[in-house]
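Residue-level structure breakdown
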Amino acid sequence: MSSDLWNKAQAVFAGGVNSPVRAAVKPFPFYTRSAKGAYLVTEDSRRLIDFVLGYGPLILGHAHPKVIEAVKDQLERGWLYGTPSRAEVELASMITKHVPSAQKVRFVNSGTEATMTALRLSRGFTGRSKILKFDGNYHGAHDYVLIDAGSAASEFGVPFSQGIPTEVSSTVLVCPYNDLTCVETVLKREEIAGVIVEPVMGNMGVIPPEKDFLPGLRKLTREYGSVLIFDEVITGFRLGLGGAQSYFGVTPDLTTLGKIIGGGFPIGAVCGRKEIMDQLTPSGRVFNAGTFNANPISMTAGIATIQELEKKEVYTVSERAARVLAEEIDRAIKMDHVVNRVYNFFQFFLGVKDVRNANDARKAKRDLYVKVHESLLKEGVFIPPSQFEALFTSGAHDDDVVNESARVFKKVLEDLT
Ligand code: PMP
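Every chain is numbered independently, its residues counted from 1 as its sequence is written. A pLDDT threshold of at least 70 governs which residues receive local features in this predicted model, and a stricter bar of 80 or more applies before side-chain atom pairs are shown or counted, although totals over entire chains, interfaces and linings include all residues. To obtain the side-chain values, all non-hydrogen atoms of the structure were used and water was disregarded.

**Description of the state of the cysteines**
For the purposes of this analysis, a disulfide is any pair of cysteine sulfur atoms at a distance within 2.5 Å. Applying the stated criterion to the full structure yields one disulfide. Covalently, C175 is tied to C182 through a disulfide, its sulfur atoms 2.1 Å apart. On the sign convention where negative means left-handed, the S-S torsion of about -85° between C175 and C182 marks this disulfide as left-handed. Summarising the burial analysis for this pair, C175 and C182 share the class buried. The buried label applies to any residue whose accessible area, calculated with a 1.4 Å probe on protein chains only, is under 20% of its type's maximum; exposed applies above 50%, and partly exposed to all values in between.

Next up, the structure:
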């Protein structure tokens, strides 16, 4: 039973969990026993339609047969060599083929490591020390990005984490999302090494970039000699094979990837312009290393996942699911609200009329969102327990799943709003 596991977990884990958002499911999190396609099965033998999908990686749905087959085959041949392997070359070739900015790649083990490395690279390459980020963007759990951070950092009231030296935080400047005037003011005034941005904000709910925002960032960073970093940990291979940079037609200098490229196994990657990437050790003097970098299991799962994505059907199905559900949700909510969707991920905000930056998202009725989450869960639909996350769809979210979910969303939202 989930309740028994939760009781034990509280004794051994801070706050009962190993990643904070999991504790936002009240009164205690359900524990998952297995998962297949669009469904989770809990330790209490409940079957839930899943719109969390591991917080984004599982674009093929859970336990996809092609990924199982590839990983099983790799397991038989060993899973950690401490040497390079064929799979890392194949996965990197797929990334450089599809992602416009990717001339070279470095594999790491999480999105956190990817942004940490990309920011260090931007400092090493430019010889400058300051970074510009955006309020509510989340780039992982390292020191340089837990400043005005979204996602669980905002959900749990710690957008500024304790334990970060002021020597570090004073090198990080912050602008509101979609605010180019602020960006220009900062770039003019300060020597900025790198500007890091989620090309679609997916960590304060979903907030799309306004038409001029990404092209404006590209223009300004060129003008002022800063490295432009797109954090595509969520959007990479989600908004199509070329990620947000293809979707919006703006090519950054560096890109961070994670989530989907590992097919649901731990991964991160930094990729980008050759002359910047070549600053990494061993060719350059910006250090990065890792026992598990490019581990064969994550590489193999990533290859199998991208091979499926190259067939395009997963994009058609996941986009249709997100579109139909976002429309259904929009129709069902009776109060002021916003539904922000970009292709195959979305979020809804209650009691507000416009959400274009983190401050707007903070004004939404979060208590009511949580009530909606709880009611949906009772009816067998799992959406993120936090307003500051996104709903994801996958290739397994077919018409049956969508119709069943739409019925539940309609009932719950008409009831509560
Ligand atoms: N960047 C973005 C945009 C993310 O959404 C996340 C995680 N949700 C990260 C970085 C950090 O990735 P990880 O959790 O793999 O460290």
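**Notes on the packing of helix 14 (residues 366-378) against helix 15 (residues 399-416)**
Contact geometry of helix 14 with helix 15 gives a least axis separation of 10 Å together with a crossing angle of 140°. Judged by the inter-axis angle, helix 14 sits oblique to helix 15. The chirality of how helix 14 crosses helix 15 is right-handed. Taking contact as the criterion, the partners of L368, K371, V372, S375 and L376 in helix 14 are, on helix 15, V408, F409, V412, L413 and L416. Here the axes come from fitting lines to C-alpha atoms, over the contacting stretch only for helices, and the angles between their N-to-C directions go from 0 to 180 degrees. Helical segments are the DSSP runs of H or I of at least four residues, strand segments are the runs of E of at least two, and each set is numbered from the N terminus. Oblique is the label for every angle not falling under 35 degrees (roughly parallel), over 145 degrees (roughly antiparallel), or within 65 to 115 degrees (roughly perpendicular). Left-handed describes a crossing in which the near helix is turned anticlockwise from the far one by less than a right angle; the clockwise case is right-handed. Contact criterion: two residues are considered in contact whenever any of their non-hydrogen atoms come within 4.5 Å of each other.

**What about a nonpolar patch on the surface?**
On the surface, L75, W79, L80 and F292 cluster together to form a nonpolar patch covering roughly 430 Å² of accessible area. On the accessibility criterion, F292 (48% relative accessible area) is partly exposed. Any residue with relative accessible area above 30% and no salt bridge may belong to a patch, with like charges joined within 9 Å and the nonpolar Val, Leu, Ile, Met, Phe, Trp and Tyr side chains within 5 Å. With residues, only the protein chains shown are counted as cover, and all accessible areas are computed by Shrake-Rupley using a 1.4 Å probe. The term salt bridge refers to a side-chain nitrogen of Lys or Arg lying within 4 Å of a carboxyl oxygen of Asp or Glu.

**What to know about the sheet that holds strand 11 (residues 337-342)**
DSSP-based pairing: two strands are paired if at least 2 bridges between them are found. The strand order 11-12-14 describes an open sheet built from three strands, whose pairing is antiparallel. The sheet is open, and its two borders are formed by strand 11 and strand 14 (391-392), each paired with just one other strand. Pairing of strand 12 (residues 345-350) with strand 14 involves two bridges; the strand directions are antiparallel. Across the sheet, residue F345 finds its bridge partner in strand 14, namely F392.

**Concerning the environment of L325**
Along the chain, L325 falls in helix 12 (residues 313-332). Here the alpha-carbon distance between L325 and T83, two residues 242 residues apart in the chain, equals 46 Å.

**Points about the UniProt feature "modified residue: N6-(pyridoxal phosphate)lysine" in the protein**
UniProt positions are given in the numbering used here, feature names are shortened, and annotations may be inferred rather than shown by experiment. Cross-referencing UniProt, the feature "modified residue: N6-(pyridoxal phosphate)lysine" maps to K259 in the present numbering. Residue K259 is classed as partly exposed on the basis of its relative accessible area of 26%. Those residues in contact with K259 that sit more than four places away from it in its chain are Y55, G56, P57, V233, I234, G264 and I267.

**With respect to the side chain of S394**
Mapped onto the elements, S394 comes out in the loop between strand 14 and helix 15. Engagement of the side chain of S394 in a polar contact is seen with the backbone nitrogen of A396, the distance being 2.9 Å. Within the structure, the side chain of S394 is placed 2.9 Å from the side chain of H397, a separation counted as a polar contact. Among all residues touching S394, those that are not within four sequence positions of it are L53, L58, I59, L60, G61, V317 and S318. Polar contact is defined as a pair of N or O atoms within 3.5 Å, subject to the rule that within protein one atom must be able to donate a hydrogen and the other to accept it, and that residues adjacent in sequence are counted only when both atoms are side-chain atoms.

**Details of the site of the ligand**
Lining the immediate surroundings of the ligand are S110, G111, T112, Y138, H139, G140, E198, N203, D231, V233, I234 and K259. A distance of 2.6 Å separates an oxygen atom of the ligand from a polar atom in the side chain of T112. Here a nitrogen atom of the ligand and a side-chain polar atom of K259 are 2.9 Å apart. Protein contacts shield 82% of the accessible area of the ligand, which totals 390 Å² for the unbound molecule. By the convention adopted, Pro, Cys, Tyr, Trp, Phe, Met, Ile, Leu, Val and Ala count as nonpolar, Lys, Arg, Asp and Glu as charged, and the other residues, Gly among them, as polar. A breakdown of the residues in the shell around the ligand according to their chemical character gives three nonpolar, six polar and three charged. What makes a residue near a molecule or strand is one non-hydrogen atom of that residue sitting within 4 Å of it.

**Quick notes on helix 2 (residues 65-76)**
Expected span of a helix, by definition, is 1.5 Å for each gap between consecutive residues, and there is one gap fewer than residues. Taking 1.5 Å per residue, twelve residues should reach 16 Å; helix 2 reaches 17 Å between its end C-alpha atoms and fits that length. For helix 2, the full list of buried residues reads V67, A70, V71 and Q74. In an axial view of helix 2, the angular spread of the buried residues amounts to 95°, which keeps them on one side of the axis. Looking at helix 2, the residues exposed on the side facing more than 90 degrees away from the buried face are P65, E69, K72 and E76. Where helix 2 is buried, its residues touch helix 11 (296-310). Directly beyond the C-terminal end of helix 2, a positive phi value near 95° is found at G78. What the arc measures is the spread of directions leading from the helix axis to the C-beta atoms.

**Quick notes on the domain arrangement of the protein**
As used throughout, domain bounds are those supplied by an automatic or database domain assignment. The assigned domain composition of the protein is domain 1 (2-63 + 312-416) and domain 2 (65-310). Taken over C-alpha atoms, the centre of domain 1 sits 24 Å from the centre of domain 2. Tallying the contact residues gives 36 residues for domain 1 and 39 residues for domain 2. As a working definition, buried area equals the accessible area (1.4 Å probe) given up by two parts on being put together, with both sides summed. On the domain 1 side of the contact with domain 2, Y315, R356 and F388 bury the most area, a combined 19% of that side's loss. The interface formed by domain 1 and domain 2 includes three salt bridges.

**Describing helix 14**
Across its 13 residues, helix 14 extends 19 Å between first and last C-alpha, which sits within 8% of the 18 Å expected from 1.5 Å per residue. The set of residues buried in helix 14 consists of L368, Y369, V372, H373, L376 and L377. Structurally, helix 14 contributes buried residues whose contacts are with strand 3 (47-50), strand 12, strand 13 (381-382), strand 14 and helix 15. Downstream of helix 14 by a residue or two, G380 has a phi angle that is positive, lying close to 95°.

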